[in-house]
Structures are given as C-alpha cells and as structure tokens.
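# Survey of secondary and tertiary structure
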Amino acid sequence: QVQLVESGGGLVQAGGSLRLSCAVSGITFRFSRMGWYRQAPGGKRELVAGMSNLGSTNYADSVKGRFTISRDNAKNIVYLQMDSLKPEDTAVYYCNAYFILNKSDYWGQGTQVTVSS
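Everything in this summary refers to the structure shown in the same document. (Residues numbered from 1 in each chain as written. Predicted model: local features only at pLDDT ≥ 70, side-chain atom pairs only at ≥ 80, totals over all residues. Heavy atoms only, no water.)

The next subject is the environment of M51. In this structure, M51 sits in strand β5 (residues 46-51). The spatial distance from the C-alpha of M51 to the C-alpha of S32 is 9.1 Å, given a sequence separation of 19 residues. Ignoring sequence-local partners within four residues, the contact set of M51 consists of R33, M34, S56, T57, I69, S70 and R71. (Helix = DSSP H or I, 4+ residues; strand = E, 2+ residues; numbered from the N terminus. Contact = heavy atoms within 4.5 Å.)

Written as structure tokens, this is what we have:
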C-alpha cells in the first residue's frame, strides 16, 4: 500500500518560515519524481515545486527564491523549505509522487499552511 504522509504545516506570520515533510512508503522512492502542490480556497491545485529522481528541480514563479525542495533517498522523505512566507502562500499543501516505473500518481492527504499578515 502506497502512503504519503505530510507534516509540518501550521500558522505563521508573514516573513516567517516553515518546513514541510512528506514520508513515502510502498514505492521505490528513488524511482519517483516528487512534487509539492497547493490549493487555496476556491482555487485550482497548482504545482509549487518539483524534483526529479535525478535531482533536477523546478519551481512556480511565485515561489522562486523563497522555497526549496529537497529529498533524502535514504529516508524516503521529501521536504519543502518555505522562507519569506506571504499571506498569498496560504493553502493546503499536497505531496505528490509520480512513480516512473508504472507511471502512477500518488497523493498525500494535505497539510494546511496559513500565513497571517
């Protein structure tokens, strides 16, 4: 059974930092492309940051220079370091794993991030 379990969300003031973690089990992590998405109330789910199984990264323009995605293949965990947070970063953040061997997508349950002004 594939599981993605996010943690690290919460309430923070503008300008603050949070680090999200996503622990993955049930798939071979090193063959997975990992991503963080977010969905604000009334909005669409959007890609925030992605990291290939080889380590290349991509970011939404709105978070470039503020957010950093990283992964620990030994621990099967992907992180999202979020600095200089803004109220517009408020959303539910979801971890995604794309398992390249069977081309399947898996999602976590989401974690709420709220940035107060």
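Enumeration over the complete set of coordinates arrives at four salt bridges. With a shortest N-O distance of 2.9 Å, D89 and R38 are connected by a salt bridge. Note that D89 is positioned in the loop between β8 (77-82) and β9 (91-99) and R38 in strand β4 (residues 32-39), a separation of 51 residues in sequence. Exposure remark for D89: the relative accessible area of 1% places this residue in the buried category. Residue K64 pairs with D61 through a salt bridge whose shortest N-O separation is 3.1 Å. (Salt bridge = Lys/Arg side-chain N within 4 Å of Asp/Glu carboxyl O. Buried < 20%, exposed > 50% of the residue type's maximum accessible area, 1.4 Å probe, protein only.)

Glancing now at the packing of aromatic side chains. For any pair of aromatic rings, the description rests on two quantities: the centre-to-centre distance and the angle between the ring planes. If you walk through the whole model with that rule in mind, you get one aromatic pair. With a centroid separation of 4.9 Å and 65° between ring planes, the pair formed by Y37 and W107 is classed as edge-to-face. You can see Y37 sitting in strand β4 and its partner W107 sitting in strand β10 (residues 104-107), a full 70 residues away along the chain. With a relative accessible area of 36%, W107 lands in the partly exposed category. Its end group placed over the ring of Y94, R45 keeps NZ or CZ at 3.7 Å from the ring centre. Cation over ring: R71 sits above F29, and NZ or CZ is 4.5 Å from the ring centre. (Phe/Tyr/Trp six-rings, centres within 6.5 Å; stacked < 30°, edge-to-face > 60°. Lys NZ or Arg CZ within 6 Å of the ring centre and 35° of its normal.)

With that settled, consider the sheet that holds strand β3 (residues 18-25). Pairing within the open sheet is antiparallel, and its four strands lie in the order β1-β3-β8-β7. Of all strands in the sheet, those with a lone pairing partner are β1 (3-7) and β7 (67-72), marking the two edges. Across the sheet, the mean angle from the axis of one strand to that of its neighbour is 15°, orientation sign disregarded. Sheet topology note: the β3/β8 ladder contains six bridges and is antiparallel. From the neighbouring strand, L20 faces β8, where its bridge partner is L80. (Pairing = 2+ DSSP bridges. Axes fitted to C-alpha atoms, helices over the stretch in contact; angles between N-to-C directions.)

Treat this as a map of the structure, not an account of what it does.
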